[in-house]
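Each chain, written out:
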Amino acid sequence: MSSPPKAVDDPETRSDRRWTWGLNGPQMTEKNAYGRFLDDVVAAFAEVSIPGLPALWFLMYQGQPFGITDLKLAALATWVAMVLGVAALRSGLLPTPGVGYDGWVPARPSLLLFRVPYYSLTIVLGGFLAGAVGTALEQPALAVVAALLVAGGGLAAFPRVTESFEGWLAEWNP
């Protein structure tokens, strides 16, 4: 049995050289660890925010359903935690849980559309569940802590769920 394929964002295979845009157009530059992490934050922001737009749009128009006053705070905390979590996984600061490679799940075409419901559901669940915790305990700070737990759980499960989804796709479409 061969070893699992390395992720596209594997820290071992990444270069310190990155494309950057300056006054003279695109150019290749050497970046330190901080610069690489900022690049990963920008990529993670796009990866989480664009597929999460349906959830963000949905939550924007929610008032206080079921009396949850901390809904938007919890959703924002979930969203930010997901962005920072994906950036930390991409850069190698955190090990990728439950899979045989380091880095984040690559953006294959089969997984691009899978990210939309997964990230949206995680943001909505984080908003409602963590918001309900904060409202019930009358502590908005606990809503943020609960949102961090929901986001962390969603990101920890994502690599394994994507493996299962790709296995299902392979069986369904031989």
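Criteria and thresholds
- Residues numbered from 1 in each chain as written.
- Predicted model: local features only at pLDDT ≥ 70, side-chain atom pairs only at ≥ 80, totals over all residues.
- Heavy atoms only, no water.
- Helix = DSSP H or I, 4+ residues; strand = E, 2+ residues; numbered from the N terminus.
- Polar contact = N/O pair within 3.5 Å; in protein donor to acceptor, adjacent residues only side chain to side chain.
- Contact = heavy atoms within 4.5 Å.
- Buried < 20%, exposed > 50% of the residue type's maximum accessible area, 1.4 Å probe, protein only.
- Arc of directions from axis to C-beta.
- Axes fitted to C-alpha atoms, helices over the stretch in contact; angles between N-to-C directions.
- Parallel < 35°, antiparallel > 145°, perpendicular 65-115°, else oblique.
- Left-handed = near helix turned anticlockwise from the far one by under 90°.
- Nonpolar A, V, L, I, M, F, W, Y, C, P; charged D, E, K, R; others polar.

A. Fine view of the side chain of Thr-78. Inspection of the secondary structure assignment puts Thr-78 in helix α3 (residues 71-91). A polar contact of 2.8 Å, which involves the side chain of Thr-78, links it to the backbone oxygen of Ala-74. Setting aside chain neighbours within four positions, we find Thr-78 in contact with Thr-122, Ile-123, Gly-126, Gly-127, Ala-147 and Ala-151.

B. Quick look at helix α2 (residues 53-60). If you check which residues of α2 are buried, you get Ala-55, Leu-56 and Leu-59. Along the axis of α2, the buried positions cluster into a sector of 100°, meaning they face one direction only. For α2, the elements touching its buried residues are α1 (33-49), α3 and α4 (109-137).

C. Local environment of the side chain of Ser-120. Among the secondary structure elements, Ser-120 is positioned in helix α4. At 2.8 Å, the side chain of Ser-120 forms a polar contact with the backbone oxygen of Val-116. Not counting the four nearest positions on each side in its chain, Ser-120 is found in contact with Pro-51, Gly-52, Pro-54, Ala-55 and Arg-115.

D. Seen up close, the packing of α4 against helix α5 (residues 140-172). Relative to each other, α4 and α5 sit at 155°, their axes nearing to 8 Å. By the angle between their directions, the pair α4 and α5 is classed as roughly antiparallel. At the point where α4 passes α5, the crossing takes the right-handed sense. Among the residues forming the contact of α4 with α5, the class breakdown is 20 nonpolar, 6 polar and 2 charged.

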